[in-house]
Amino acid sequence: MWLSGNEAIALGAWEAGVRVASGYPGTPSTEIMEHLSGYDGVYTEWAPNEKVALEVAIGASFAGGRALATMKHVGLNVAADPLFTAAYTGGRGGLVILTADDPDMHSSQNEQDNRNYALAAKLPMLEPSDPAESRDFLKRAFVLSEQLDTPVLLRITTRIAHVKGVVAGPGERIEAPLAPGVEKHPEKFVMLPAMARRRRLFVEERMMRCRELAENDSDNRIEDGDRRRGFITSGVSYLYVKEAFPEAAVLKLGMCWPLPEQKIREFAASVETLYVVEELDPFLETQIKAMGIICHGKDLIPAIGELNTAIVRRAIDPGRDTAELFEPVVLPPRPPNMCPGCPHRGIFFNLSRLKVFVSGDIGCYTLGFLPPLNALDSTVCMGASIPMAHGMVKAIGDGAHDKVVSVIGDSTFVHSGITGLINSVYNGSAATLIILDNRITAMTGQQPNPASGTSIKGEPAQSLDLEALCRAIGVKHVRVVNPHEVPECRKIIKEEVERDEMSVIIARAPCVLLPELKLRKPVGYYTNIDNCVGCTSCIRLGCPAISWTPFAEGEAEARGYKKSQKGYSQIDEVLCNDCGQCASLCKFNAITRGEPK
Amino acid sequence: MSDNKNILFSGVGGQGILLASEITAYALLAVGFDVKKSEVHGMAQRGGSVTAQLRYGTKVYSPLIDPGCADIQMAFEMMEAVRYLPYLHQGSTVIVNTQQILPPSVATGQALYPENVLDELRSRAIEVIAVDAFTIARQAGEVRTANVALVGALSVHLPVDEQVFQDIIESRVPERFRAENMAAFTAGRHAGRRQER
Ligand SMILES: Cc1ncc(C[n+]2csc(CCOP(=O)(O)OP(=O)(O)O)c2C)c(N)n1
């Protein structure tokens, strides 16, 4: 078989007899749950956020079922509260938490190194190097979890999750050892201080046992070789070391926490110069130095961004790479953009025309920041938009209600926006909130969420009524708008921004990437260039389907336009997704809807 | 030393690079190579500049192509072919789709699309093969087969028989567009042969 790391993990989870898997989407972890939901015998779900996902998994484990929670690196911040105490309780069925880190921030707001969580929460962490190991290590993690009565962290990174490689097949499901059912174990399930104090001792004793295990673990292996340079490495960095220095001796750590101190000491003593090669933080290096061992690490290897073979080779053997590279050519950048027909665009177009601070959030709509819209002024983490707007209004004081607007996607609102809205209402905020309800979690690839009306398997599910929810929270002014009707929306946004009371506008129109929409009959908008006066109203939407053609000297007159006209705009009918925002802005009848000619 | 070969796929999110790189990988796997492929999902796919990196050989460790190490660049868009020049080396082959997709700054009239992209490429010590995949795809009867036409052009430069590619394409494309995809592949193969300057 040839699988991505995420496909291999889904396979491993099915093989390991996982009963319950819960996760929240987040690049690069998302496809694990998507693939796992296709296997029989595993209950899978999208949770509203990572904390809920982990709590679901803890419950399943307490009931004796093997359980998996999946999330991206920042998701573990959200789930950190249950994580740190589940470290005390352990479970009954094996409990594995998958964290997918994103060095280089391909699709993330930071590049934290989640190995630090293993140390801080006192949990074992396994770290595979490729898809084949991802599957094996996941199965191993369940055994370890039950053997030591501990949750186990499995850490992957983008270049494991989204790398495809050869994996032995086919798989076979082994039912987990325990039969699920209710059992009461207050001494380990009820973390009141008296019990927690006893479990605290257990945790230390457990980590001692885990350390002993690590010493003899075959996944912590020494690969013999030239001992002039010795490498300690783990995860994807191992691959770069093997390619840059194929002849060298390597200690590959499959378990990156706790560390096999004896094995490390022996390896260090057997090589002339020791190098610790790891992406991001000096996690191994700090521990190895604390053992009193001299080594190179972040003095040579960058602590920021991804590594690759060339970076590792040049850092350690600068004389070897001499080939000159072709110089880069300066080109217009090509940043990601909202799709043609994206409902978010109309809202940001309107916001760009108002003098407000737009307190933003995370999702496709974060792209409202980019030119020509430039209509998003802050992004910190999921859910932050609403409390941050509230904080700004309180800091500014009287008359601030029309200076700040917050925007949040439907999935993000359900993830962690609701409590913020409760706070704003409870504490008397008056900053307008716009919920960009495109019915789906678009950024990560169209996963359904509790407001979508479907489950992870695409089956019908209860759909959260956002209007009713906002009213129940105490918002008196809740309005639903169609974001594609741009001028109409502008009127409503203005009214609500000026209102000196909390209000919510729900901008509702489905994401254009939803399969139902992609399959519909190809109707779209086209331009009647004869009518175009070059006012650029439509161009300022920044839609990828609309482009501007400038006139050459004298061309405008020659073609029968006003002398002063600078050019015209045109719609690419293949790209157009039929939203009509441009037509709603055109005052010159230059944009019409119809079937493509 | 390792016998690994590296193919860099570049283009714009949404052009079908994932499918094209997938077909190529399965063809190489079918003839016994170890293959790793690295791609980026999520944010970058929204119309941004994207790559897929494919490495094959007896045994492949790293999933990433180092700068200066791509033996072939399969560029789905002209300007993107230029963007990834630092990944090539002297003597690399660049198969470039002559399609232009305007980035936002160009579409809104703030910047200009670079002129004479092919000349820019040809002024370096690399082999440039220009393919009009859009026209090939239209002639094949379905504009969305442009990516398979490009696989055809690429396939001529790989140690894999035509039939192996055909079998894989047949099993990987939707049935109702099979004939169009096969036609696009065959025409693409023709267009991908070495070209005289
Ligand atoms: C804690 C956390 N979990 C997951 C993510 C990944 N992520 C970024 S935005 C997003 C959801 C976007 O959905 P929505 O709010 O509906 O906006 P849309 O993309 O549909 O516009 C997710 C899951 C993250 N950045 N942080």
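Residues numbered from 1 in each chain as written. Chains lettered and ligands numbered in written order. Predicted model: local features only at pLDDT ≥ 70, side-chain atom pairs only at ≥ 80, totals over all residues. Heavy atoms only, no water.

Under an unreviewed UniProt entry, the name given to chain B is Indolepyruvate ferredoxin oxidoreductase beta subunit, and the organism recorded is Desulfofustis glycolicus DSM 9705.

Looking up chain A in an unreviewed UniProt entry gives the name Indolepyruvate oxidoreductase subunit IorA, with the organism given as Desulfofustis glycolicus DSM 9705. Quoted straight from UniProt, the Function (unreviewed entry) entry for chain A says "Catalyzes the ferredoxin-dependent oxidative decarboxylation of arylpyruvates." You can read under Catalytic activity (unreviewed entry) in the UniProt record for chain A the words "indole-3-pyruvate + 2 oxidized [2Fe-2S]-[ferredoxin] + CoA = (indol-3-yl)acetyl-CoA + 2 reduced [2Fe-2S]-[ferredoxin] + CO2 + H(+)". (UniProt positions renumbered as here; feature names shortened; annotations may be inferred.)

Residues and elements named next belong to chain A. Phe348, Leu351, Phe413, Leu421 and Ile434 are the most contacted members of the largest nonpolar core, which totals 55 residues. When residues in this core are grouped by element, the largest group, five residues, is from helix H19 (residues 486-498). Among the domains, domain 3 (343-518) and domain 4 (525-593) are the pair contributing at least three residues each to this core. If near-sequence neighbours (up to four positions away) are discounted, Phe413 is found in contact with Ile386, Ile408, Ile418, Leu421, Leu433, Ile435, Leu466, Leu469 and Cys470. Counting residues in hydrophobic clusters, the runner-up holds 54 residues, among them Val96, Leu144, Tyr240 and Tyr275. (Core = buried A, V, L, I, M, F, W, Y, C linked by side-chain atoms within 4.5 Å. Buried < 20%, exposed > 50% of the residue type's maximum accessible area, 1.4 Å probe, protein only. Helix = DSSP H or I, 4+ residues; strand = E, 2+ residues; numbered from the N terminus. Domains from an automatic or database assignment. Contact = heavy atoms within 4.5 Å.)

Spatially, S1(A)-S8(A)-S2(B)-S3(B)-S1(B)-S4(B)-S5(B)-S6(B) is the arrangement adopted by the eight strands of the open sheet, whose pairing is mixed. Each edge of the open sheet is held by one strand with a lone partner, namely strand S1 (2-4) of chain A together with strand S6 (127-131) of chain B. Averaged over all pairs of adjacent strands, the angle between their axes in this sheet comes to 15°, without regard to strand direction. Of the strand pairs in this sheet, strand S5 (residues 88-97) of chain B and S6 of chain B are connected by five bridges, and their pairing is parallel. Bridged to Asn97 of chain B within S6 of chain B is Val131 of chain B. (Pairing = 2+ DSSP bridges. Axes fitted to C-alpha atoms, helices over the stretch in contact; angles between N-to-C directions.)

As a further point, take the packing of aromatic side chains. A complete count under the given rule lists twelve aromatic pairs over all chains for this structure. When the centroid spacing of 5.2 Å and the interplanar angle of 75° are considered together, the rings of Trp2 of chain A and Tyr26 of chain B count as edge-to-face. Pair noted here: Trp2 of chain A is in strand S1 and Tyr26 of chain B is in helix H1 (residues 17-30), and the two residues belong to different chains. Grouping aromatic residues by their ring pairs yields a cluster made of Phe231, Phe245 and Tyr275 of chain A. (Phe/Tyr/Trp six-rings, centres within 6.5 Å; stacked < 30°, edge-to-face > 60°.)

In this section: the UniProt feature "binding site: [4Fe-4S] cluster 2" (unreviewed entry) in chain A. Residue and element names in this part refer to chain A. Feature annotation in UniProt assigns "binding site: [4Fe-4S] cluster 2" (unreviewed entry) to the following positions: Cys543, Cys576, Cys579 and Cys582. Spatial clustering of the annotated residues is evident: they stretch over 40 residues in sequence, but the largest pairwise C-alpha distance comes to 10.6 Å. Within the secondary structure, Cys543 is located in the loop between strand S19 (524-527) and strand S20 (546-550). We classify Cys543 as buried; its relative accessible area is 11%. Position of Cys576 relative to the elements: it lies in the loop between strand S21 (567-571) and helix H22 (581-585). The residues touching Cys576, leaving out its near neighbours within four places in the chain, are Gly524, Tyr525, Ala545 and Ile571.

Residue and element names in this part refer to chain A. With 13 residues, H19 extends 18 Å from end C-alpha to end C-alpha; this agrees with the ideal 18 Å at 1.5 Å per step. Taken together, the buried positions of H19 are Val486, Cys489, Ile492, Ile493, Glu496 and Val497. Taken end-on, H19 shows its buried residues confined to a sector of 130°, consistent with a single buried face. Residues of H19 that are buried in the fold lie against helix H15 (343-352), strand S15 (404-409), strand S16 (432-437), strand S17 (477-481), strand S18 (503-508) and H22. (Expected span 1.5 Å × (residues − 1). Arc of directions from axis to C-beta.)

It is worth spelling out the UniProt feature "binding site: [4Fe-4S] cluster 1" (unreviewed entry) in chain A at this point. Residues and elements named next belong to chain A. UniProt records the feature "binding site: [4Fe-4S] cluster 1" (unreviewed entry) at Cys532, Cys535, Cys538 and Cys586, using the numbering of this structure. Across 55 residues in sequence, these annotated residues keep their C-alpha atoms within 10.5 Å of one another, forming a single compact spot. Inspection of the secondary structure puts Cys538 in the loop between S19 and S20. Relative accessible area serves as the criterion here: at 9%, Cys538 is assigned to the buried category.

Residues and elements named next belong to chain A. Taken together, 26 residues are adjacent to the ligand, and Glu50, His344, Cys364, Asp410 and Thr412 come closest. At 3.1 Å, a backbone N or O of Ile440 approaches an oxygen atom of the ligand. When the free accessible area of the ligand is taken as 590 Å², the share hidden by the protein chains comes to 97%. Structurally, the ligand is housed in the second largest pocket. Of all the elements in the fold, those that place two or more residues in the shell around the ligand are helix H4 (73-78) and helix H17 (410-426). Of the residues in the shell around the ligand, the class split is eleven nonpolar, twelve polar and three charged. Split by domain, the shell around the ligand shows at least three residues from each of two domains, domain 1 (2-216) and domain 3 (343-518). (Near = heavy atom within 4 Å. Polar contact = N/O pair within 3.5 Å; in protein donor to acceptor, adjacent residues only side chain to side chain. Areas by Shrake-Rupley, 256 points an atom, 1.4 Å probe, with all protein chains shown as cover. 1 Å grid on protein atoms, 1.4 Å probe; cavity = no way out; pocket = protein on both sides within 12 Å on 5 of 7 lines; lining within 4 Å. Sits in = over half its atoms within 2 Å of the grid points. Nonpolar A, V, L, I, M, F, W, Y, C, P; charged D, E, K, R; others polar.)

All names here are of chain A. Put simply, the second largest pocket is a space of about 740 Å³. In terms of lining residues, the second largest pocket is bounded by 46 residues, among which Ser107, Gln109, Ile362, Gly363 and Met443 are the most central. Contributions of two or more residues to the lining of the second largest pocket are made by H4 and H17. Partitioned by chemical class, the residues of the lining of the second largest pocket number 20 nonpolar, 22 polar and four charged. When residues of the lining of the second largest pocket are sorted by domain, at least three fall in each of domain 1 (2-216) and domain 3 (343-518). (Points joined across faces, edges and corners; volume = space filled by probe spheres on them.)

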